[in-house]
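This is what each chain is made of:
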Amino acid sequence: MPPIYMDGHATTRVDPRVVAAMVPFFGEHYGNAASRHHQFGWAARDAVTAARSAVAALIGATARDVVFTSGATESNNLALKGVMDASREKGNHLVTVCTEHRAILDPCTRLAQQGATVSYLPVREDGLLDPTTLTAALRPGTVLVSVMSANNEIGVLQPVAELSQIARAGDALFHTDAAQAAGKVPIDVARDGIDLLSLTAHKLYGPKGVGALFVRRGVTLTPLLDGGGHEAGRRSGSLNVPAIVGFGRAAELCQAEMADEAARMIRLRDRLWHGLQGALTGIAVNGSMSARLPHNLNVTFDGVNGEQLLLGLVDVAVSSGAACTSTRRDPSHVLEALGVSERASRASLRFGLGRFNTDAEVDTVIETLRSLVTRLRSPVSVFDIDEDDDEPPPGWGDDFDLEVN
Ligand SMILES: *Cc1c(COP(=O)(O)O)cnc(C)c1O
């Protein structure tokens, strides 16, 4: 069978309508958007202006508050390092959450090495940050609170509107990494009281290597890159015009189709979950099922060896609850924060449904998992023949104790 892509949290296919919008900007419209004295520059600048408006509209922002970057990693670095540096007189305390993406956690590590104090807040068993936990963490000298909108592994939606109010009441700025939420669920930086917001095109059917940081007017940050003073001095470097045009078109499409697409994703996601439930016992969803992205499912399969599960899924592209590094697979820090055991974490799969998935693909994935998991759980599994220390003893799955939501 042809491989099935269900890893939409890692990246998404560029929508063909986005590709079509980009193509002329590799060809006849090759000007530099900063060239002010000829038509080549004006054409590029006009296209960037339109894209900036489209990206701003997707998040309820004003176009001038949108800074184009190379992606959410850069946007997060700019938000955290830029604000902490520009606010040295106010304090050096930064608050974030232990389930954040590495593109938040690693800049926090760097800032801590450079003298900042970073608080990593725990989450509840359902993956959500309890607002009272944030209230208790704030203190004089807290400069910034950074909480992701939607989690990239378990898809849970943090209560950002409530959290931003708490941050503001504590005189701190509020940043959110919305790389997974943007284009999938409604975002309104004005309504939600957000001061800084990161997003990236390749998670919303646009190209890789382009993203944006929303910076509310009046918020000052030190740039990461100094140079020609592009993006009002906040991010120097000639703009990647074709990618920005694609980002704009992708944002437009997401906004126009969001309601229909979300409904379709919920239908596909429910089809997947109900199908798996009908086919297998001993499975559980990780993270809140109600405060969740429409297209995410993260499932633990009790009593299954995680390595074998992934090895058996050659034709289905999903992610596991363990991040691959060159030599070993580390269990997910997100599932760990929910209280999921290391073994259960390895036996967990992240499904990221998307615009191009079909009912038939969902049905194939259900059937693939039914037969694979049944085979792996069977005491006479052929996989058991090679003696593996990680292999659970027969019957081990019976008293498997998984206390997640
Ligand atoms: C993908 C992702 C990022 C990184 O985005 P890039 O554009 O690849 O740098 C950051 N945060 C979250 C939550 C993500 O899902």
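Residues numbered from 1 in each chain as written. Predicted model: local features only at pLDDT ≥ 70, side-chain atom pairs only at ≥ 80, totals over all residues. Heavy atoms only, no water.

(A) View of the overall build of the protein. When helices and strands are tallied, the protein shows 11 helices and 15 strands. Its C-alpha atoms give the protein a radius of gyration of 22 Å, near enough to 22 Å, the size a compact globule of 405 residues would have. Taking the principal axes of the C-alpha coordinates as reference, the protein spans close to 75 × 55 × 40 Å. Expressed as a percentage of the 405 residues in the protein, the buried residues total 55%. (Helix = DSSP H or I, 4+ residues; strand = E, 2+ residues; numbered from the N terminus. Rg over C-alpha atoms; globule rule 2.2 N^0.38 Å. Buried < 20%, exposed > 50% of the residue type's maximum accessible area, 1.4 Å probe, protein only.)

(B) Examining the site of the ligand more closely. Contacts to the ligand come from 13 residues, most closely from T73, D177, Q180, T200 and K203. Between the ligand and T73 there is a distance of 2.5 Å, counted from an oxygen atom to a side-chain nitrogen or oxygen. Note that an oxygen atom of the ligand is positioned 2.7 Å from one of the side-chain N or O atoms of K203. (Near = heavy atom within 4 Å. Polar contact = N/O pair within 3.5 Å; in protein donor to acceptor, adjacent residues only side chain to side chain.)

(C) Representation of the packing of helix α3 (residues 72-86) against helix α4 (residues 102-113) in the model. Look at α3 against α4: their axes get within 9 Å of each other, and the N-to-C directions meet at 30 degrees. Judged by the inter-axis angle, α3 sits roughly parallel to α4. Where α3 crosses over α4, the handedness of that crossing is right-handed. The residues of α4 that touch α3, namely those facing T73, N76, N77, L80, K81 and M84, are A103, I104, P107, C108, R110 and L111. Taken together, the residues of the contact of α3 with α4 sort by class into 7 nonpolar, 3 polar and 2 charged. (Axes fitted to C-alpha atoms, helices over the stretch in contact; angles between N-to-C directions. Parallel < 35°, antiparallel > 145°, perpendicular 65-115°, else oblique. Left-handed = near helix turned anticlockwise from the far one by under 90°. Contact = heavy atoms within 4.5 Å. Nonpolar A, V, L, I, M, F, W, Y, C, P; charged D, E, K, R; others polar.)

(D) A look at the sheet that holds strand β9 (residues 283-285). A sheet is described by the order of its strands in space; here 4 strands give the open sequence β9-β10-β15-β12, paired in antiparallel fashion. Each edge of the sheet is formed by a strand with only one pairing partner; in this case those strands are β9 and β12 (319-320). Of the strand pairs in this sheet, β12 and strand β15 (residues 348-352) are connected by 2 bridges, and their pairing is antiparallel. Across the sheet, the residue bridging to S320 is L349, located in β15. Contacts from helix α7 (residues 241-279) reach β9, β10 (296-301) and β15 within the one sheet, and its direction differs from that of β10 by about 15 degrees. (Pairing = 2+ DSSP bridges.)

(E) Structural detail: empty space enclosed by the protein. Per the counting criterion, the structure on display carries 1 cavity of 30 Å³ or more. Of the pockets and cavities examined, the largest cavity occupies roughly 70 Å³. Forming the boundary of the largest cavity are G183, K184, Y205, M258, E261, A262, M265, P294, H295, L353 and G354. Residues of the lining of the largest cavity, tallied by class, amount to 6 nonpolar, 3 polar and 2 charged. The two domains that each donate at least three residues to the lining of the largest cavity are domain 1 (4-9 + 257-376) and domain 2 (16-254). (1 Å grid on protein atoms, 1.4 Å probe; cavity = no way out; pocket = protein on both sides within 12 Å on 5 of 7 lines; lining within 4 Å. Points joined across faces, edges and corners; volume = space filled by probe spheres on them. Domains from an automatic or database assignment.)

(F) Region of the structure containing the pattern of salt bridges. One pass over the full model with this rule turns up 21 salt bridges. D195 is the salt-bridge partner of R216, the closest N and O atoms lying 3.5 Å from each other. Here R216 is found in the loop between β8 (211-215) and α7, whereas its partner D195 is found in the loop between β6 (173-177) and β7 (196-200), with 21 residues between them in sequence. Look at D195 and you get buried, because its relative accessible area is 4%. Where salt bridges share partners, they join D15, R17, E257, E261 and R355 into one cluster. (Salt bridge = Lys/Arg side-chain N within 4 Å of Asp/Glu carboxyl O.)

(G) The arrangement of the confidence of the model for the protein in detail. Confidence in the prediction for the protein averages 93 pLDDT; 92% of positions are at 70 or higher. Below pLDDT 50 for its whole length, residues 393-405 participates in 23 contacts with residues either more than four positions away or in separate chains. (pLDDT = per-residue confidence, 0-100.)

(H) The arrangement of the nonpolar core in detail. One finds F68, L134, V145, L197, L199 and F247 to be the most contacted residues of the largest nonpolar core, which totals 67 residues. Top element by residues in this core is α7. It accounts for 10 residues. When residues are assigned to domains, this core turns out to be shared by domain 1 (4-9 + 257-376) and domain 2 (16-254), each giving three or more. Discounting chain neighbours no more than four positions away, the residues touching F68 are V48, A51, R52, V55, G211, A212, E231, R235, L239, I244 and F247. Counting 28 residues, the second largest nonpolar core, distinct from the first, contains L280, I283, V299 and L309. (Core = buried A, V, L, I, M, F, W, Y, C linked by side-chain atoms within 4.5 Å.)

(I) Region of interest: the packing of helix α2 (residues 39-58) against α7. Where α2 meets α7, the closest approach of the two axes is 8 Å, and the angle between their N-to-C directions is 35 degrees. Considering how the two elements wind past one another, α2 and α7 form a crossing that is left-handed. Across from A44, A47, V48, A51, A54, V55, A57 and L58 in α2, the residues of α7 making contact are V241, I244, V245, F247, G248, A251, E252, C254, Q255 and M258. Here the contact of α2 with α7 is composed, by residue class, of 15 nonpolar, 2 polar and 1 charged.

(J) Spotlight on the side chain of E261. Mapped onto the elements, E261 comes out in helix α7. Setting aside anything within four residues of it in sequence, one finds E261 in contact with Y205 and R355.

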